[in-house]
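Overview (structure and organization)
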Amino acid sequence: MRKLQKAQIIKQIFLEHFPAPKTELKYNSIYELLVAVMLSAQCTDKRVNLVTPALFAKYPSVEFLAEASLEEVKSLIQSVSFYNNKAKNLITMAQQVMRDFGGKIPQDQISLKSLAGVGQKTANVVLIEYFEANLMAVDTHVFRTSHRLGLSKAKTPTQTEEELSKLFKTDLDKLHQAFVLFGRYTCKALKPECEKCFVEEFCITKKNFKPL
């Protein structure tokens, strides 16, 4: 079976199993979503959701965060991985938004990527979740599952994103969220639950793929 044909079959199956997949991060605005996604890098959504209520209560908008004390932000997010760097990036990001974007979180990939701590994956996740943009974001779950299913052999998340975008073309936002949920709860890194897998026939390996 050709890869393109295989991809279209897998796409249809995923859309049937996850008709309306959404992020598990909790947020009420694009500002809160951006902060939550920044905090979620190499950290679980569950952990981020435990931290953000107090953070957003203290800094309810980008204006407040831009004036925040670094030590106070660190104390609020200290249970999150790499909290020192993330605290610095959060404040710098807020200051950039105030200075360069009139206090409004930018709504395009290039502008988002100009912010401290925001790479392509983070920018895409924000655009996918908030605007349902037809984009693919590749985190560890998407990278691992797409390689296990033989949809990509790319060595980096960016290259994997390009391959998956070409294969799937449409519904990329839904497929990103679906692959995340699939990787989080079924196709796990160390102990995949293959007996629950609805695409097991397409699996080529149980190897725990990690991007370079």
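Structure first, text after, so check above.
Computed from a predicted model, the values in this text were never measured in an experiment.

**Considering the overall build of the chain**
Within the chain, the regular secondary structure consists of 11 helices and 0 strands. Ordered by position in the sequence, the α and β elements of the chain form the string α-α-α-α-α-α-α-α-α-α-α. Taking 212 residues into account, the globule formula puts the C-alpha radius of gyration at 17 Å, and the chain, at 18 Å, falls close to it. Projected onto its principal axes, the C-alpha positions of the chain cover 55 × 30 × 30 Å. Out of the 212 residues belonging to the chain, those deemed buried represent 50%. When contacts within the chain are restricted to residue pairs at least 6 apart in sequence, those whose partners lie at least 24 apart make up 63%.

**Comments concerning the side chain of histidine 141**
Relative to the helices and strands, histidine 141 resides in helix H9 (residues 140–148). Engagement of the side chain of histidine 141 in a polar contact is seen with the side chain of arginine 144, the distance being 3.0 Å. With residues near it in sequence (within four places) discarded, histidine 141 still touches Phe179, Val180, Gly183 and Arg184.

**Quick look at the environment of glutamate 200**
On the secondary structure map, glutamate 200 appears in the segment after helix H11 (172–185). Expressed as a C-alpha distance, the spacing of glutamate 200 and leucine 149, which sit 51 residues apart in the sequence, is 8.4 Å.

**What to know about helix H8 (residues 120–131)**
Side chains three or four residues apart in an α-helix point the same way, a direct result of the helix having 3.6 residues per turn. Look at H8: 16 Å from first C-alpha to last across 12 residues, which is about the 16 Å you get at 1.5 Å a residue. All buried positions along H8 are accounted for by Thr122, Ala123, Asn124, Val125, Val126, Leu127, Ile128 and Glu129.

**So, the packing of H9 against helix H10 (residues 157–168)**
Interaxial distance between H9 and H10 falls to 10 Å at its minimum, and their mutual angle equals 55°. Comparing the axis directions of H9 and H10 gives the class oblique. Handedness of the crossing formed by H9 with H10: left-handed. Two secondary-structure elements touch here, H9 through Val142, Phe143, Ser146 and His147 and H10 through Pro157, Thr160 and Leu164. In terms of residue class, the contact of H9 with H10 is made up of 4 nonpolar, 3 polar and no charged.

**Considering the pattern of salt bridges**
Counting across every chain of the model gives 9 salt bridges. Across the pair aspartate 171 and lysine 174 runs a salt bridge, and its minimum N-O distance is 3.8 Å. Owing to a relative accessible area of 27%, aspartate 171 belongs among the partly exposed residues under this scheme. Of the charged contacts in the structure, one is a salt bridge between glutamate 193 and lysine 188, with a shortest N-O distance of 2.8 Å. Note on lysine 188: relative accessible area 29%, which makes it partly exposed.

So, how was this worked out
- Residues numbered from 1 in each chain as written.
- Predicted model: local features only at pLDDT ≥ 70, side-chain atom pairs only at ≥ 80, totals over all residues.
- Heavy atoms only, no water.
- Helix = DSSP H or I, 4+ residues; strand = E, 2+ residues; numbered from the N terminus.
- Rg over C-alpha atoms; globule rule 2.2 N^0.38 Å.
- Buried < 20%, exposed > 50% of the residue type's maximum accessible area, 1.4 Å probe, protein only.
- Contact = heavy atoms within 4.5 Å.
- Polar contact = N/O pair within 3.5 Å; in protein donor to acceptor, adjacent residues only side chain to side chain.
- Expected span 1.5 Å × (residues − 1).
- Axes fitted to C-alpha atoms, helices over the stretch in contact; angles between N-to-C directions.
- Parallel < 35°, antiparallel > 145°, perpendicular 65-115°, else oblique.
- Left-handed = near helix turned anticlockwise from the far one by under 90°.
- Nonpolar A, V, L, I, M, F, W, Y, C, P; charged D, E, K, R; others polar.
- Salt bridge = Lys/Arg side-chain N within 4 Å of Asp/Glu carboxyl O.

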